[in-house]
Every structure is written in structure tokens, then in C-alpha cells.
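Here is how the chains run, residue by residue.
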Amino acid sequence: MRTIDDLDVAGRRVLVRADLNVPLQSGSITDDGRIRASLPTIEALRTRGAKVIVCAHLGRPKGEVKPEFSLAPVAERLGELLGADVTAARDVVGDSARAAVDGLADGGVALLENLRFEPGETSKDDAERGAFADRLAALADLYVGDGFGAVHRRHASVYDVPERLPHAAGGLIAAEVEVLKRLTEDVERPYAVALGGSKVSDKLGVIDNLLGKADRILIGGGMVFTFLKAQGHEVGKSLLEEDQLDTVREYLRRAGEAGVEFVLPVDIVAATAFAADAEHDVVAADAIPSDRLGLDIGPESGKLFAARLADARTVFWNGPMGVFEMEPYSHGTRAVAQALLDSGAFTVVGGGDSAAAVRRLGFDETAFSHISTGGGASLEYLEGKTLPGLQALED
Ligand code: ADP
Ligand code: MG
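Below is a short write-up of the structure. (Residues numbered from 1 in each chain as written. Chains lettered and ligands numbered in written order. Predicted model: local features only at pLDDT ≥ 70, side-chain atom pairs only at ≥ 80, totals over all residues. Heavy atoms only, no water.)

1. A few points about the site of ligand 1
In the vicinity of ligand 1 there are 19 residues, among which S198, K203, E325, D353 and S354 approach most closely. Residue G352 places a main-chain N or O atom 3.4 Å away from an oxygen atom belonging to ligand 1. Contact between ligand 1 and S354: an oxygen atom at 2.5 Å from a side-chain N or O atom of the residue. With the chains in place, 90% of the 590 Å² that ligand 1 exposes on its own is no longer accessible. Elements with a minimum of two residues in the shell around ligand 1: β14 (293–297) and α13 (352–360). With three residues, α13 is the largest single contributor of residues to the shell around ligand 1. For the shell around ligand 1, the residue count by class is four nonpolar, 11 polar and four charged. (Near = heavy atom within 4 Å. Polar contact = N/O pair within 3.5 Å; in protein donor to acceptor, adjacent residues only side chain to side chain. Areas by Shrake-Rupley, 256 points an atom, 1.4 Å probe, with all protein chains shown as cover. Helix = DSSP H or I, 4+ residues; strand = E, 2+ residues; numbered from the N terminus. Nonpolar A, V, L, I, M, F, W, Y, C, P; charged D, E, K, R; others polar.)

2. Focus: helix α8 (residues 200–210)
Listing the buried residues of α8 in full gives V200, K203, L204, V206, I207 and L210. Taken down its axis, α8 places every buried residue within 155° of arc, on the same side. (Buried < 20%, exposed > 50% of the residue type's maximum accessible area, 1.4 Å probe, protein only. Arc of directions from axis to C-beta.)

3. A few points about unusual backbone geometry
A cis geometry characterises the amide bond from R189 onward to P190, with omega recorded as 0°. Topologically, P190 is positioned in the loop between α7 (171–184) and β9 (191–195). A positive phi angle is found at K62, which is not glycine, with a value near 55°. Tracing the sequence through the fold places K62 in the loop between β4 (51–55) and α2 (72–82). For D186, which is not a glycine, the phi torsion comes out positive at approximately 45°. For D186, the position within the fold is in the loop between α7 and β9.

4. Observations concerning the sheet that holds strand β8 (residues 167–169)
What holds strands together in a sheet is hydrogen bonding between their backbones, with the strands either parallel or antiparallel. Read from one edge of the open sheet, six strands run β5-β6-β4-β1-β7-β8, paired in parallel fashion. Taken across any chain shown, the strands that pair with only one partner, and hence form the sheet edges, are β5 (86–88) and β8. Across the sheet, the axes of successive neighbouring strands diverge by a mean angle of 25°, strand direction being ignored. As judged from the five bridges shared by strand β1 (residues 13–17) and β4, these two strands associate in the parallel manner. The residue bridging V14 from the neighbouring strand is V52, located in β4. (Pairing = 2+ DSSP bridges. Axes fitted to C-alpha atoms, helices over the stretch in contact; angles between N-to-C directions.)

5. Focus on the sheet that holds β9
Taken in spatial order, the six strands line up as β11-β10-β9-β15-β16-β17 in an open sheet, and their pairing is parallel. Each edge of the open sheet carries a strand with a single partner, namely β11 (261–263) and β17 (370–371). Here β9 pairs with strand β15 (residues 314–318) via five bridges, running parallel. Opposite A192, over in β15, you have V315 as the bridge partner.

6. Observations concerning the packing of aromatic side chains
The full count for this structure, using the stated rule, is two aromatic pairs. With centroids separated by 5.4 Å and ring planes inclined at 50°, the aromatic side chains of F227 and F262 adopt a geometry described as tilted. Taken together, the residues span a long stretch of sequence, with F227 in helix α9 (residues 224–230) and F262 in strand β11 at a distance of 35 residues. F262 carries the same exposure label as F227, and that label is buried. An angle of 70° between the planes, with centres 6.5 Å apart, marks the rings of F363 and F368 as edge-to-face. Its end group placed over the ring of Y159, R154 keeps NZ or CZ at 4.2 Å from the ring centre. Lying across the ring of F346, R182 places its NZ or CZ 3.5 Å from the centre. (Phe/Tyr/Trp six-rings, centres within 6.5 Å; stacked < 30°, edge-to-face > 60°. Lys NZ or Arg CZ within 6 Å of the ring centre and 35° of its normal.)

This is the structure we're talking about:
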């Protein structure tokens, strides 16, 4: 994969596909982590005299112009962080975008409007996507892919534009790929993977591939209950994916054959309702009352998980162990985060909420070897899928 060092950018218009999909609350940015993560590549290009045209998406406006999804607040924050003017275009590939690009001096930065205001960006129709990609590519001389959080999407700005322009990977993508390679090739063992969170069906896929790679798979979060149910236990009103029970049984069987150790919680914090002030107790994992829902792994499970992480040399963690946003259900997530740090292993945290949990629970982010900016993208990579945005940068 070519990097920006391989491009001659001085005086040229460089389109940078970044991931600036930050959380907003009534128009203000609540966490600017993704903007900060995009700075090094933008700074490097500016310093080398490029005219930098940044493009990105925000939320899911579904091909329509919706003011609440405007990137204008992001342009402002980007300008503050860069300490430079950032021209905010009022459209994606229209008159305003062209004027913004034409007005750029060497080292200048413009941000196009939300890519997903254009139906062509996410279209499944190759021709429609291609037509939009043509217009986007026409704004620039070179392309840099740096939006790691979007590389698993076959979208115009991710996949079709690099086909149309000389291209390279930005620093963020290059760094993410290097880490993911360490999790898939020449892995230092024991290799443990801890999975949790609420997007159960999304995450079950990764287990398929991990059964051939990881030594231990620890399961917590909302995913646990599909496993417990598959083993024949009552899970009450907990999160459950009925239609995945057979898949999960198959995983448990294959794990036995492959010598992969599944570590499931032995106790669960079971509450009467999805609320911080609901009545809650620690119960055995095979004895969840039918009128309760499991919102965290219990204290014995926290110790068990920590013990199974202690001697690991490589750990990948995706998904909180419980509803960490509520204090009574945050202890399992805290225990696992602490165990990662105590292990001294190469530790990678993936997933937006997992990264947020690490920050919210007061851990030092820099103490982990790597915190990935793209949860979905890193999972799909570990699933062994070809990621369109990486494939486009390889060619
Ligand atoms: P990530 O963004 O790290 O990939 P997910 O988006 O899959 O993680 O899941 C994060 C959410 O999972 C958190 O908001 C957390 O409250 C929720 N969660 C964790 N455990 C449970 C549980 N037992 N029941 C319901 N939700 C849970
Ligand atoms: Mg999430």
C-alpha cells in the first residue's frame, strides 16, 4: 500500500477521505476524537504544500440535505485544532465546493459538505455511484484514503474515487492496518479475544474466523445470553438473538474440536429493569430469574476473565462487558479494561463504545497499545473479509 510519502503533493489538489463522524448534541460536538485522529495526515499534507480538500460523512442523512447533519461545526473544530482557516463548502460537489477548492492556496484546507447528502455516495447502483465519484474526483489531482471507520463500506468516496485518481493511504489507515496485521499474522500467543457489546449478530461473524486464530474467546455484554441460552439456561428478559442459537451451538462445538477455549461468565448482575436505580443482584449465570435482565457480568466472572487475560501476549477487545453507562453495571467492563493493562500484552481496543468506556471509566487511553477508530471496520478485517476501501488503496 502506498503512503502519502510516495505522493508528490506540492501545489496539487489532494482529496482526503477522512472519518469525521463525531457525536453531536444539539449542534455541538461531544467528543472530537475522530477529528483529532485525522489531524496528522492533514497537517503532513499542508506542510508539504498541498491544497487539502477534506471530505467525510456525518450520521445517516440518507441522500438528502438535512441541516442537522451539516459538517459546518466540524469545519469549525477542525480549524481550531489546526490553528488555520478551514473553508466550509455548502455543498459536496456543486458550485460552493468548486469555489472553495479554487480559492485554496498551497497549504490551505477546505472541507466539503456531508458526503451522504448525495445519494450517489452510498448507492448500491454502480453507475449512480460512479457518476458521483466522477464529480468528486474532478475536484482533485490526487486521493488519500484516511477514513478508517468507513473502509468497510463500498461507497463512492471510499471505493470508486481511488479508482479514478493516483492514490495513497493516509497515516491513520496505515497505522490501523499495521495493528490489524499483528492480530492476524504472526500473532504472539496466547492470543485472547474479549467480545461484548450489544450488536450481537454483527459480532457473531467474527467468532467464525477467530476459531481458527485465537487461543481463548471471552464472551460478555449482551452477547452472553445467546450463549447461555444455547447451553440450555434461562436468560429471563436479557438481550437474546433467538435466530442465532444454532450458530452459537455450532461455534461451541467447533471450539471444542479446534482446542479454542470459550470463557463464559459464571455470574451475572441481573436487574428488574434497564435502569441504574432498578433492583439488581448477582446471580449464577445458569440461574437468571425469568423476570430479570442481565446487565453486566458478575464479580466472579470479572476475576475469571482477568485470570484468563493475565498471561496473554496479544489481546483484542471489542464491546463493553455490561451497560457501563450506568454505574451499577460498569464493573465488568472496568475489570476487563484493567486486566488488559495488567497483562502487559499487545492490547487493542476496537469499537466506538468500548473506546468511550475506557475514557469514561477514567483509564489512560495511551496505556493501551492501540485504540481503533473503527469498530465495524476492524471487526470485518478480523472476520477475514475484503474491505473495499483497503482493496482500492492496494491496487
Ligand atoms: P462497540 O461500539 O464498542 O462496538 P457495541 O456498540 O456493540 O460496542 O455495544 C455497546 C453497548 O452495549 C453499550 O452501550 C452497552 O450499554 C451495551 N451493553 C453491554 N452489555 C449489555 C447487556 N448485557 N445488555 C444490554 N446492553 C448491553
Ligand atoms: Mg457501538
